[in-house]
Amino acid sequence: MELALYPSNASSLEEVFSVIKISRKEFYVRLIGESSENTNSEIFNFYRDKFPYWKGDLTKQPNLVEPLFVDALKSTTLYKTLNKLLNEHGYHINNVSFEKLLFDDNSISVPDVYIECVKNT
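Here's what I pulled together on the structure shown here.

Topic: the packing of aromatic side chains
- Under the criterion given, the structure shown has three aromatic pairs.
- With a centroid separation of 5.1 Å and an interplanar angle of 75°, the aromatic rings of F27 and Y91 are classed as edge-to-face. With F27 in strand β2 (residues 26-33) and Y91 in strand β3 (residues 91-99), the pair connects residues that are 64 residues apart, well separated along the chain.
- The exposure class assigned to Y91 is buried, which follows from its relative accessible area of 1%.
- For the ring pair F46 and Y47, a centre distance of 5.5 Å and an interplane angle of 85° mean the geometry is edge-to-face.
- Accessibility expressed as a relative area gives 16% for F46, which makes it buried.

Below, the structure written as structure tokens:
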């Protein structure tokens, strides 16, 4: 399943899950596109909370940003909502991976996030 993320005018995750039927034991949710302002803000807040003394440009801190990105993503409303809806459909998130992490001092762009989902046994 691919979910395209747009800053506005997108269907909510609840709307998406209300119209799909999942029948596979395992599948991936691929998040593609630009993150919403809210998700971007939540990711930045994660890093600011984790490193309260840090006031710099993300591009100068790749060793801090990349290893913690999955934790930052898990702190977002987007991830928590997706996890809740998957649980309601009898699935859990088994793994999260990502490629092409790009960031600057104002945004984080993750065009390829793969969320492995597995049917609860």
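Here the narrative resumes, following the displayed structure.
As for the pattern of salt bridges
- Taken as a whole, this structure holds two salt bridges when the rule is applied.
- Across the pair R30 and D112 runs a salt bridge whose closest N-O atoms are separated by 2.6 Å. Of the two residues, R30 is situated in strand β2 and D112 in strand β6 (residues 112-119); the sequence distance between them amounts to 82 residues.
- Judged by its relative accessible area of 24%, R30 falls in the partly exposed class.
- The salt bridge involving K84 is made with E88; its shortest N-O contact spans 2.9 Å.

Conventions used here
- Residues numbered from 1 in each chain as written.
- Predicted model: local features only at pLDDT ≥ 70, side-chain atom pairs only at ≥ 80, totals over all residues.
- Heavy atoms only, no water.
- Phe/Tyr/Trp six-rings, centres within 6.5 Å; stacked < 30°, edge-to-face > 60°.
- Helix = DSSP H or I, 4+ residues; strand = E, 2+ residues; numbered from the N terminus.
- Buried < 20%, exposed > 50% of the residue type's maximum accessible area, 1.4 Å probe, protein only.
- Salt bridge = Lys/Arg side-chain N within 4 Å of Asp/Glu carboxyl O.

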